[in-house]
Amino acid sequence: MANIIEVKNLTKKYGNFKAVDNISFEVKKGEIFGILGPNGAGKTTTLEMLESLRTPTSGIVKVLGFDVSTNAHEIKERIGVQLQATAFFDFLSCEETLDLFGSFYDEAQKSSKLLEEVSLMPKAKTFVNDLSGGQKQRLSIAMALVNSPELIFLDEPTTGLDPQARRNLWDLIDAIRKGGKTIILTTHYMEEAEYLCDRVAIMDEAKIKDIDSPRGLIRKLKAENKVEFSADKKIDLKKLEKETGALTADYVEGDVYSLRTKDSHKTINQLLEYAKKNDIKLDNLHISQATLEDVFLSYTGKSLREK
Amino acid sequence: MKYLLANIKMTLRNKQVLFWSVFFPIFMMGLFGAMFQGGDRTYDIGMVNKSKSETAAKMVEALKKVEVLKISEDGEESEQASLEKGERIAVIEIPETLVDPPKQVKALGVPTTPAKITPTAIDILFNENKAQDAEIVATVVNQFIGKFNQQMTGQPETLTLTKEAYKSKDLKYIDFLLPGLIAMSLMMGGVVGIANGITTLRERGVLKRLLATPINPVNFFIVQVITRLLVAIMQAIIMVAVGVLAFGAHFYGSILTFAIVLTFGATVFLIFGLVMSSLAKNVDTVEPMTRAVTMPMMFLGGVFFPIEAMPTWLQPVSRALPLSYMSDALRKVISEGVSLYTIRIDLLVLLVWGIAGFLIAARTFKWE
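Parameters and conventions
- Residues numbered from 1 in each chain as written.
- Chains lettered and ligands numbered in written order.
- Predicted model: local features only at pLDDT ≥ 70, side-chain atom pairs only at ≥ 80, totals over all residues.
- Heavy atoms only, no water.
- 1 Å grid on protein atoms, 1.4 Å probe; cavity = no way out; pocket = protein on both sides within 12 Å on 5 of 7 lines; lining within 4 Å.
- Points joined across faces, edges and corners; volume = space filled by probe spheres on them.
- Helix = DSSP H or I, 4+ residues; strand = E, 2+ residues; numbered from the N terminus.
- Nonpolar A, V, L, I, M, F, W, Y, C, P; charged D, E, K, R; others polar.
- Phe/Tyr/Trp six-rings, centres within 6.5 Å; stacked < 30°, edge-to-face > 60°.
- Buried < 20%, exposed > 50% of the residue type's maximum accessible area, 1.4 Å probe, protein only.
- Core = buried A, V, L, I, M, F, W, Y, C linked by side-chain atoms within 4.5 Å.
- Contact = heavy atoms within 4.5 Å.
- Patch = residues over 30% accessible without salt bridge, like charges linked within 9 Å, V, L, I, M, F, W, Y side chains within 5 Å.
- Areas by Shrake-Rupley, 256 points an atom, 1.4 Å probe, with all protein chains shown as cover.
- Salt bridge = Lys/Arg side-chain N within 4 Å of Asp/Glu carboxyl O.
- Axes fitted to C-alpha atoms, helices over the stretch in contact; angles between N-to-C directions.
- Parallel < 35°, antiparallel > 145°, perpendicular 65-115°, else oblique.
- Left-handed = near helix turned anticlockwise from the far one by under 90°.

A. Representation of empty space enclosed by the protein. Residues and elements named next belong to chain B. Inspection of the entire model under this criterion finds 3 cavities of 30 Å³ or more. Of the voids in this model, the second largest cavity is the one considered here, and its volume is about 60 Å³. Lining the second largest cavity are Leu186, Gly189, Gly190, Arg228, Val231, Ala232, Gln235, Ala266 and Leu270. Secondary structure elements with two or more residues in the lining of the second largest cavity: helix H7 (173–204), helix H9 (217–247) and helix H10 (255–279). For the lining of the second largest cavity, the residue count by class is 5 nonpolar, 3 polar and 1 charged.

B. Quick peek at the packing of aromatic side chains. Taken as a whole, this structure holds 18 aromatic pairs over all chains when the rule is applied. Aromatic side chains phenylalanine 272 of chain B and tryptophan 353 of chain B sit 5.5 Å apart centroid to centroid with 50 degrees between the ring planes, which places their arrangement in the tilted category. Residue phenylalanine 272 of chain B is located in helix H10, and its partner tryptophan 353 of chain B is located in helix H14 (residues 344–364); the two are separated by 81 residues in the primary sequence. Here phenylalanine 272 of chain B falls in the buried class, since its relative accessible area comes to 10%. Under the relative-accessibility criterion, tryptophan 353 of chain B is labelled partly exposed at 33%. The interplanar angle of 35 degrees and the centroid separation of 5.9 Å between the aromatic rings of phenylalanine 299 of chain B and phenylalanine 304 of chain B together place this pair among those described as tilted. Aromatic rings pair up to connect Phe89, Phe101 and Phe104 of chain A together with Tyr3, Phe220, Phe221, Phe365 and Trp367 of chain B into one cluster.

C. Quick look at the layout of surface pockets. Residue and element names in this part refer to chain B. Quantified by volume, the largest pocket comes out at close to 790 Å³. Of all elements in the fold, only helix H1 (2–13), helix H2 (15–35), H7, H9 and helix H11 (283–300) reach the threshold of two or more residues within the lining of the largest pocket. Here the lining of the largest pocket takes 10 residues from H7, the largest share from any one element.

D. Spotlight on the nonpolar core. Residues Phe89, Leu139 and Ile184 of chain A together with Ile182, Met184 and Phe304 of chain B are the most contacted members of the largest nonpolar core, which totals 176 residues. If you tally residues by element for this core, the top one is H7 of chain B, at 17 residues. Setting aside residues up to four positions removed in sequence, phenylalanine 89 of chain A forms contacts with Leu100, Phe101 and Val128 of chain A together with Tyr3, Met10, Leu201, Val206 and Leu210 of chain B. Of all hydrophobic cores here, the second largest spans 14 residues; its members include Ile235, Ala246, Leu259 and Ile268 of chain A.

E. Summary view of a nonpolar patch on the surface. Together, Val218, Ile222, Ile226, Leu230, Ile233 and Ile237 of chain B make up a nonpolar patch on the protein surface, roughly 490 Å² of accessible area in all. Following the sequence through the fold, isoleucine 233 of chain B ends up in helix H9.

F. Examining the packing of helix H5 (residues 133–144) of chain A against helix H6 (residues 163–178) of chain A more closely. All names here are of chain A. For the pair H5 and H6, the least separation of the axes is 10 Å and the interaxial angle reads 15 degrees. By the angle between their axes, H5 is roughly parallel relative to H6. Note that H5 runs across H6; the crossing there is right-handed. The segment H5 lies against H6, with Gly134, Gln137, Arg138 and Ile141 engaging Ala165, Leu169, Leu172, Ile173 and Ile176.

Shown next as structure tokens:
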């Protein structure tokens, strides 16, 4: 399958600070490619270099076969962009906003068709300011579709949305992909990357740590399961790790502990035994499959969630 | 093109813009107009009448009835001394050569052509430090003499003359205020409007979003400038209309000259707004910045009172401000009806400011 994006040894420096440090990857036609990482990892900078909004310090970036440093105009004509901040003009309705942005391109879709696509038809005449957060995000996705692009960039499309609105947006993004478009998105939500992406690049501190499908990344992880429980007594983490044969033992919060293990059956048995012996009352015990969150933790040693 | 229309639409839907660019100046006009109503300031004039003619006496008599003029007749030497001391704005000298027009002889049924009168020059000596006041006086006196001449040669009815004389209290404070307020609102609209507008667009990421489309960035500026100029013209039309209709201001200038000066000055202030938006970090900093620029200009720029009325040490500051030149130029165009050539110095200073601003903006403008 043809590569729609090719990035080789891409670096972006601001003075001495490396925002993006020697990263390479490809995006294939028709896939949803995710860049996952915490705030400040360099996700947005990477995306904006692909969108020809920023000039790379070094490295090669080819988008749809065009070089970003020489063919910015051709690229801009063919890509759809949603920036992190939903950027609208005040005092324009949804319809007018789409018509206006459409006028910037050689060819543009009708605003009514776009509004239909993102289910905003009833809001056609509503001022952009009066939309809810989820509706604004959907409008900005409609703006990204206005020139019928082959390739769409979405920068943290669901940040700040409530779960319901996020779920709606996922369905929308999925539908767009089914329409044959290639999507590259950044996120710091694990569930989002797991649910949407065909492949995920894990990015932290300006570098890409790994690229694979979400399942592939989890499979590579040493620990595939997670055992969580709460205890009425304080347990030493080192001791817990040793007694249960878990790979790691951590506090989650308060009296809640978390164990990562390859063999959940063995770990649980040993945990119960240990609790009995030390007269510890366990509660809320549950096992779960490892998630991208755990993958991220193992790669970077830190949690993705903003503390 | 579509962007231009959309931008105009957005601007007109923004009530804040309308408030500052239209209602605020009109409010100021009402406020200051009312404050100075009736209590128009008077101008001290010296009168030296060397002519013994009846015409001259009548003229002096009539001039004394003009409310804004406070006329004293202390003799030539003392008046000139007062002028030098700044106690008089101007001294009017009527030369001995002014004589009464010969009486018309009425022949039976045959109208005689009035005898030719050699025009007599009436000197007005100005105090140069009070040039602006002097100009107002000169205009009043000029109009007065014009009407007087008409009266004297046409119908010798001195009664209507005195009526006319009262009316010829033509240039009132509002005539000073209106051009100043137009200049001020152009400055406010230009600097504040553009600076806030563009900074907000930048802060929200709209500028960046535009850059992500194939639009040529130059078009963005063209659209902004054209929109604001249209707003400026609309502002000026409304203000002139309100000034003339509601406050009895006078518009003697040519519409074309007025439009040219208006557009030119508005552009300079737009560039200022661009500079502000380039230098400001975000919306929170741009507001105090624009205020720091517009507020002093509003009071020092000869909008509400002549620069000459300010303390001497402040006057050089005022004379450096673009608003001073803009209000001066508009004032000359509106109440004196002068040509572009007469106000070339004003326009030149504005041009220099404009170019300086443009260079700064071009160097410092950022899209995000």
